[in-house]
Structures are given as C-alpha cells and as structure tokens.
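Chain residues, written in single-letter form:
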Amino acid sequence: MATVQAEPYEFDFDPRTCALIIIDMQRDFVDPGGFGEALGNDVSLLRKAVQPTQRVLAAARAAGMAVIHTREGHRPDLFDLAPAKKARGKLKTGIGDPGPMGRILVRGEYGHDIVDELKPIEGEPVIDKPGKGAFYATDLDAVLKSKNIRQLIVCGVTTEVCVNTTVREANDRGYDCLVLEDCVASYFPEFQRVGIAMIKAQGGIFGWVAKSEQLLPVLASFAKR
Ligand code: C5J
C-alpha cells in the first residue's frame, strides 16, 4: 500500500488496483488552433496541465500502474451525437463541422486525437466517449473491472466538465478518485478553483485532491522495487 498526502485527508492506494486515467487531453481542447481556441478560449490555461501530467504518466508507467486515456468525440456519421448536444450554443461551427484541425470532435480526425506529449502506448486502453462522463455509453467500467481496478488517479480537462462528471460517475460506482489539481485544468480560473473545491468538500464527497509533487515520490518508490 502507498499513501499520498491529500485533501481532505491522506489517500491510501495499491498501485496494482489503482489506475491513472487521463481525460480528454485532445488537440481540439488543448492546442492552439483547435476547437477550444476557435470558441474564444485561452488554451494556455489548459496547456499548463500537460507537463505535470506528462511527469505523472511517466511515473505511473514506471510503477507498473494501469493507464487509461479518454477522448470526447463522435462517430463520423454522428449517429451518437444527441441533437441537443449538437444544437447547444447555437454555434456557427460546432461538433461534426469542418474545423481548424479536421471535423470537430469526430473520431479519426487530427483535432480529436490526444496531444503528442501524452500519446497512449500499446496496452493502454483509449475510451472513446460521446458524453462528458467517461462511464456514459462506454465500456470503461468493464475495462476497470477486468483489470481489478478500484481506485483512480485523475488528470485531464476540463476540470468542471469532463473531469468532474467522470469523478462523480466513478464515485457512484464505488471507485475512489484522487484528482491532481495541477494536472487538471479549465478555461475559467474560477471554475478550476470551484471544480477542485467541490470534489474535496464535506469530507471528500466525491474524492481526494493532491498536487502531482505529492504523488510523484510515492510512485517513484514503486518503480525501484
Ligand atoms: C471536456 C468539454 N472534455 N469541456 N469537454 O471537458 O466540453
């Protein structure tokens, strides 16, 4: 067992039954020139999470932990895109339309894929999800159960949308979640602050929060074994 100093109290985990999950670190959200930026967002706020996540990813791999990646997006025929999701925002250029990096949030397009710095390697499942939560309409729960995973260390974007939704879904399914606050990010500083605060409030109502620097030495101790 390992212990990370976290909030609201220490997070105990076993790297054999704990997975790192990296949520939606896709070019369309994170990279300059993508969908996120086209919507008027400052993507540098999201990019801040890439380097710390890269360090955690390397450490998790070295510790032999399971690693799972997710991508938000849709089938090229858009049959899994709810009309309400398509209509939301009354965007001139929205999901499925040609965007700066290919069709926006469509599987197989350049912008839909994960940023180069966090590229999955062989053996790391990539969960393609049509919704905000990573459990909705996916086989994530089955993948975690097949690997005997009971706890999740969470990185990714955005804090208040897909990260929070996934953590809440995971919590209801009985998984413990540790969210790394420097490895998750939002386009809105206030949402970052509140998105983190909501997870650890009321004795950890949805989970735990720590910084990557608190986790890295713990993972390193497993890599040496
Ligand atoms: C994610 C979004 N990944 N903000 N999507 O958070 O629409």
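Rules used in this analysis
- Residues numbered from 1 in each chain as written.
- Predicted model: local features only at pLDDT ≥ 70, side-chain atom pairs only at ≥ 80, totals over all residues.
- Heavy atoms only, no water.
- Helix = DSSP H or I, 4+ residues; strand = E, 2+ residues; numbered from the N terminus.
- Buried < 20%, exposed > 50% of the residue type's maximum accessible area, 1.4 Å probe, protein only.
- Phe/Tyr/Trp six-rings, centres within 6.5 Å; stacked < 30°, edge-to-face > 60°.
- Lys NZ or Arg CZ within 6 Å of the ring centre and 35° of its normal.
- Core = buried A, V, L, I, M, F, W, Y, C linked by side-chain atoms within 4.5 Å.
- Contact = heavy atoms within 4.5 Å.
- Pairing = 2+ DSSP bridges.
- Axes fitted to C-alpha atoms, helices over the stretch in contact; angles between N-to-C directions.

Asks: How should I be thinking about the side chain of Glu72 in this particular structure?
Replies: As for its placement among the helices and strands, Glu72 is situated in strand β4 (residues 66-72). By relative accessible area, which is 1% here, Glu72 ends up buried.

Asks: Looking at this structure, how should I read the packing of aromatic side chains?
Replies: Note on aromatic pairs: each is described by the distance of the centres and the angle between the planes. Counting across every chain of the model gives five aromatic pairs. Plain terms: the ring middles of Phe188 and Phe191 are 5.0 Å apart, the flat faces sit at 55 degrees to each other, and that makes the pair tilted. A connected cluster of aromatic rings, assembled from ring pairs, spans Tyr9, Phe11, Phe13 and Trp208. Its guanidinium or amino end placed over the ring of Tyr110, Arg27 lies 3.8 Å from that ring's centre, counting from NZ or CZ.

Asks: What am I meant to see in the nonpolar core here?
Replies: In globular proteins that are soluble, nonpolar side chains generally tend to be buried together. If you look at the biggest cluster of nonpolar residues, it comprises 44 residues, and the most contacted ones within it are Phe13, Leu20, Ile153, Leu178 and Leu180. Counting residues per element, this core draws most heavily on helix α4 (residues 50-62), which supplies five residues. Once you skip the residues sitting within four places of it in the chain, Leu20 turns out to touch Val56, Leu57, Ala60, Met65, Ala66, Val67, Ile68, Ile153 and Cys155. Core analysis: the second largest hydrophobic core is formed by 26 residues, Ile21, Val154, Ala170 and Cys177 among them.

Asks: Is there a simple way to think about the environment of Gly40 in this case?
Replies: By the secondary structure assignment, Gly40 is in the loop between α2 (35-38) and α3 (44-47). By relative accessible area, which is 65% here, Gly40 ends up exposed. Taking C-alpha positions, Gly40 is 16 Å from Gly111, a pair spaced 71 residues apart along the chain.

Asks: How should I be thinking about the sheet that holds strand β10 (residues 208-210) in this particular structure?
Replies: Backbone-to-backbone hydrogen bonds join strands into a sheet, with any given pair of strands oriented parallel or antiparallel. Here six strands make up an open sheet; going across it, the order is β7-β4-β3-β8-β9-β10 and the pairing parallel. Sheet topology places β7 (126-129) and β10 at the edges, where each strand pairs with a single neighbour. Each strand axis lies, on average, 25 degrees off the axis of its neighbour in the sheet, ignoring direction. The sheet contact formed by strand β3 (residues 18-23) and strand β8 (residues 151-157) spans six bridges and is parallel. When the sheet's bridge partners are listed, Ile23 is paired in β8 with Gly156. The strands that helix α9 (residues 212-223) touches are β8, β9 (176-185) and β10; relative to β9, the one it contacts most, it runs at about 120 degrees.

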